[in-house]
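Survey of secondary and tertiary structure
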Amino acid sequence: MLLTKVQAFAGMQYFLDQYYWKTMADDIGGIASCLMLLEDNKPADQAFEEDWIDSAKVIVPNYSEGMLFTAEQAYAIVKEFLELYCRIGFSEEVQHLINRMTLDQRGNIADQKINDIWHKSLGLAISNGPMYFQLK
């Protein structure tokens, strides 16, 4: 499965949103809400878009704007994004999620609940696209 930048970014949105609703980890919820897009297709906190691109460049050194990502690369970008977040301002809740995102010896997500959330999130990203703020 190959994902566009928008789908990979949306996968991260859904992953963090789904994880938040399962754990009620406030720091994760805060990040998830900052990633939601406004009407201009930019995240509520535009620095997060830059951080996502920086994370993508770490995982895929030859990153270019129109490239496609594998599901594995998109997952690694999420983890790198969270690690960057912790380097900027440590969060115990974010570090806990990072610790749960490890891969087993075969390269599969070791934590079954995280695996389930990730694959559900990819499905939502592909079928629904990115998450937007619902302004009422």
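Look above for the structure.
Reference entry: report on the structure contained in this document. (Residues numbered from 1 in each chain as written. Predicted model: local features only at pLDDT ≥ 70, side-chain atom pairs only at ≥ 80, totals over all residues. Heavy atoms only, no water.)

With the rule as written, the count across this model stands at five salt bridges. Here Arg-100 and Asp-111 are joined by a salt bridge, their closest N and O atoms 2.8 Å apart. In this pair, Arg-100 sits in helix 5 (residues 92–100) while Asp-111 sits in the loop between helix 5 and helix 6 (112–128), placing the two residues eleven residues apart along the sequence. Exposure remark for Asp-111: the relative accessible area of 21% places this residue in the partly exposed category. (Salt bridge = Lys/Arg side-chain N within 4 Å of Asp/Glu carboxyl O. Helix = DSSP H or I, 4+ residues; strand = E, 2+ residues; numbered from the N terminus. Buried < 20%, exposed > 50% of the residue type's maximum accessible area, 1.4 Å probe, protein only.)

As a further point, take unusual backbone geometry. Phi is mostly negative for residues that are not glycine, and the peptide bonds are mostly trans. One non-glycine residue with positive phi stands out, namely Met-24, at about 60 degrees. Relative to the assigned elements, Met-24 resides in the loop between helix 1 (5–23) and helix 2 (26–35). Classification of Met-24 by relative accessible area gives partly exposed; the value is 44%. If you check the backbone angles, Asn-41 has positive phi at about 65 degrees while not being a glycine. Its location among the elements puts Asn-41 in the loop between helix 2 and helix 3 (46–59).

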